[in-house]
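Here are the chains, one letter per residue:
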Amino acid sequence: MSNLRFMKELNNVTRMDDAIRGPLPRWQKKCLEASNSSTSSNMSLNSSRKLANASVNNVSTGKTPTKRLELRTKKTPTKCLKKSPSRGTTPKTPSGGDRFIPSRSTTNFDLSYLKIQQQYSEQNGEKEIKVSPSKKEMQRLIGENLHGADINNMRVLSYQNKAPAPPEGYQNSLRVVYSLSKTPSSVKNSSRYIPQAPDRILDAPEILDDYYLNLVDWSPTNILAVALGNTVYLWNAGTGTIEQLFELDSNDYVCSVSWIQQGPYLAVGHTSGNTELWDCSEMKRARVMNGHHARVGSLAWNHNVITTGCRAGQIIHHDVRLRDHVVSTIDAHAQEVCGLKWCPDGKYLASGGNDNMLQVWSAVAGQNHTRPQPLYSLNQHQAAVKALAWCPWSPNILASGGGTADRMIRFWNCNTGTCLNAVDTKSQVCSLLWSTSYREIVSGHGYAQNQLIIWKYPSMTKVAELTGHSSRVLHLAMSPDGTTVLSAGADETLRLWKCFQPDPTRKKEITDVKSVASRLKQSIR
């Protein structure tokens, strides 16, 4: 008998059509524990009543209540499988699948709830109210203002991080592949935004493509004088109005223009050798001053004295207050005088000529004209010297630029006559301008780049290159506030560049210093 019993048990164990017996999986145990905790409270309340009814039924039918209780307990696990697991647990599904975990930091829960409610109302068949297209557009705009984007194009869940924002200091995000690394503080402090496109472009038809002339000047009253052929125009940069000052005969043309430092007077040089003085407030000519026998291509003011340079290499000082206006005549250069500049304090006069010479003249003590002999004769340039500019914060520093065969910018100490620095620009230097807001200098170039370059002084590193002219940049002029540079090109265009916008941090420091000074004055009073 024992042998038969053993064989029977062995057959029962090795049967393949019966369900596999063993311990319950972990996920089923979790479900049973959750279901027992939820149903225990309900069963405890009704257990006494059910048992009482069962005892009455048993007396009449003769059945025991154990079967009914066993049936209820057998049905509970099937109901538990449909319930979701409690929060904080990650049960493994029988199919072995996994789930996606959204990024909570990039999910907008309020917007997600709104979109879920809209989908729920559409699924339940709620009647949609007809809205006009204008109202739909208004609702879309309101949603963009509230949520920052169009909610119809946004997702309920986000499974990836948002794109990182570019660090500060980059001018154009499309030209730079940025990363998550922060911009060094040294770069932020040393760099500023310089627009690469001109702020405004003006037409300048019939402007003469002549390297030796000076046809543009900007007055302290914010009026730009431009000579176009035989006509002089005045452009008010504040209002934008354009007025014609005068027009010459068809065989003559204007060679140079220059504003006086104070007042509405404009000096104009002609091909005949005469220099005219115009009162622009009255739009009439004040006087005509002669003395030259060739065209007057360069002009420079020193208070009441206008210095003129002609094609014959001669320099004349005219005192506009005197009837006999010629104060001094100097044979300065062997060829045409194409550059003339007085230093800010009136101590020196610089003249550049087509003979590749740079002459520095010292002023007569107590007078606004120079001595007949040059203080320094500098011959380091290998081409015509037209571009001249005096440093505004150091009046004894002179910058000069050479033509196509030279292409050099040189800096001179006029107290000693020594060359401080020389930079090869790789292109013809037509004009130079110092900035009054930054320690920088701007150069206008011709062959072959036709660009403007902003240099850091005294290191002479390039701050920016401004391109746009299709021909050489003949003339440069600075606005009275020192923020805008005007370039006149042989392509018959005038371009205004916002190169030297004031630094807000520096402006704040200046205002703080002024406020402290005012407080001290008040306390002294």
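Within each chain, residue numbers correspond to sequence positions counted from 1 in written order. pLDDT decides what is reported in this predicted model: residues at 70 or higher carry local features, side-chain atom pairs at 80 or more are listed and counted, and totals for whole chains, interfaces and linings draw on all residues regardless. Side-chain measures were taken over the full set of non-hydrogen atoms in the model, leaving aside hydrogen atoms and water.

A. The overall build of the chain, seen in detail. By definition, any uninterrupted DSSP run of H or I lasting at least four residues is a helix, any uninterrupted run of E lasting at least two residues is a strand, and each is numbered from the N terminus. A count of helical and extended segments in the chain gives seven helices and 28 strands. Every one of the 525 residues in the chain was classed for burial, and the buried ones make up 38%. The criterion used for residue contact is that any of the two residues' heavy atoms lie within 4.5 Å. The contacts in the chain between residues at least 6 apart in sequence include a share of 45% that link residues at least 24 apart. Summed over all atoms, the accessible surface of the chain reaches about 32,800 Å², with 52% contributed by carbon and sulfur. Partly exposed describes any residue whose relative accessible area lies between the buried limit of under 20% and the exposed limit of over 50%, with all areas from a 1.4 Å probe on protein chains only and scaled to the type maximum. Note on areas: Shrake-Rupley, 1.4 Å probe, and residue coverage restricted to the protein chains presented here.

B. View of the sheet that holds strand β13 (residues 326-331). Across the sheet, four strands lie side by side as β10-β11-β12-β13; this open sheet has antiparallel pairing. Only two strands of the sheet have a single neighbouring strand rather than two, namely β10 (296-302) and β13. Between one strand axis and the next, the sheet turns by 15° as a mean value, whatever way the strands run. Between any two strands, pairing holds if DSSP finds at least two bridges. To obtain each axis, a line is fitted to C-alpha atoms, and for helices this fit is confined to the stretch in contact; angles are then taken between N-to-C directions over 0 to 180 degrees.

C. Region of interest: the nonpolar core. If you look at the biggest cluster of nonpolar residues, it comprises 31 residues, and the most contacted ones within it are Leu224, Leu245, Phe246, Val254, Leu266, Leu486 and Leu494. When contributions to this core are tallied by element, the ones reaching two or more residues are β2 (216-218), β3 (223-228), β4 (231-236), β5 (242-247), β6 (254-259), β7 (265-270), β27 (485-489) and β28 (493-497). The leading source of residues in this core is β3, at five residues. The contacts of leucine 486, once residues within four sequence positions are left out, are Val216, Trp218, Leu224, His475, Leu476, Ala477, Leu494, Arg495 and Leu496. Ranked by size, the runner-up nonpolar core spans 16 residues in total, among them Cys391, Ala399, Ile409 and Ile453. Joining through side-chain atoms within 4.5 Å is the link that ties buried Ala, Val, Leu, Ile, Met, Phe, Trp, Tyr and Cys residues into a set, and such a set is a nonpolar core.

D. The arrangement of the side chain of aspartate 279 in detail. Along the chain, aspartate 279 falls in strand β8 (residues 275-279). Residues counted as positive are Lys and Arg, residues counted as negative are Asp and Glu, and His and the chain ends are not counted. Any carboxyl oxygen of Asp or Glu that lies within 4 Å of a side-chain nitrogen of Lys or Arg is treated as forming a salt bridge with it. Of the side chains with opposite charge, lysine 284 comes closest to the buried, unpaired aspartate 279, at an N-O distance of 6.0 Å. In this structure, aspartate 279 is in contact with Pro264, Tyr265, Lys284 and Ala286, ignoring residues within four places of it in sequence.

E. Spatial organisation of the side chain of histidine 333. Note that histidine 333 resides in the loop between β13 and β14 (337-342). Take histidine 333: its relative accessible area is 8%, and that puts it in the buried class. The definition of a polar contact used here is a pair of N or O atoms within 3.5 Å, where within protein one atom must be able to donate a hydrogen and the other to accept one, and adjacent residues in sequence count solely through side-chain atom pairs. Among the polar contacts listed, one links the side chain of histidine 333 to the side chain of aspartate 355, at a separation of 3.2 Å. Beyond its immediate sequence surroundings of up to four residues, histidine 333 is in contact with Ala312, Gly313, Ser351, Gly352, Gly353, Asp355, Met357 and Gln359.

F. Representation of the sheet that holds β28. The strand order across the open sheet built from four strands is β1-β28-β27-β26, with neighbouring strands paired in antiparallel fashion. On the outer flanks of this sheet lie β1 (200-203) and β26 (473-478), each paired with one strand and no other. Recorded for the sheet is a direction-independent mean angle of 20° between the axes of neighbouring strands. Across five bridges, β26 lies against β27 in antiparallel orientation. What sits directly across from methionine 478, in β27, is valine 485.

G. Broad picture of the packing of aromatic side chains. Only centres within 6.5 Å qualify two rings of Phe, Tyr or Trp (six-membered ring in Trp) as a pair; their planes then separate them into stacked at under 30 degrees, edge-to-face at over 60, and tilted for everything else. Tallying each qualifying case throughout the model produces nine aromatic pairs. A ring pair is formed by tryptophan 393 and tryptophan 434, whose centres lie 5.3 Å apart and whose planes are at 85°; its orientation type is edge-to-face. With tryptophan 393 in the loop between β18 (385-390) and β19 (397-402) and tryptophan 434 in strand β22 (residues 429-434), this pair connects stretches of sequence that are 41 residues apart. Accessibility expressed as a relative area gives 31% for tryptophan 393, which makes it partly exposed. Aromatic pair phenylalanine 411 and tryptophan 434: ring centres 5.9 Å apart, planes at 65°, arrangement edge-to-face. Of this pair, phenylalanine 411 sits in strand β20 (residues 408-413) while tryptophan 434 sits in strand β22, and the two are 23 residues apart along the sequence. Judged by its relative accessible area of 6%, tryptophan 434 falls in the buried class. An aromatic cluster of three or more residues is present, and its members are Trp393, Phe411, Trp434 and Tyr457. As a reminder, the over-ring test applies to NZ of lysine and CZ of arginine, requiring each to be within 6 Å of the ring centre and within 35 degrees of the ring normal. Positioned over the ring face of tyrosine 438 is arginine 192, at 4.0 Å from the centre of the ring. Sitting above the plane of the tyrosine 211 ring, lysine 386 keeps its charged end 5.5 Å from the centroid.

Honestly, that's just the spatial picture; any functional story needs more than this.
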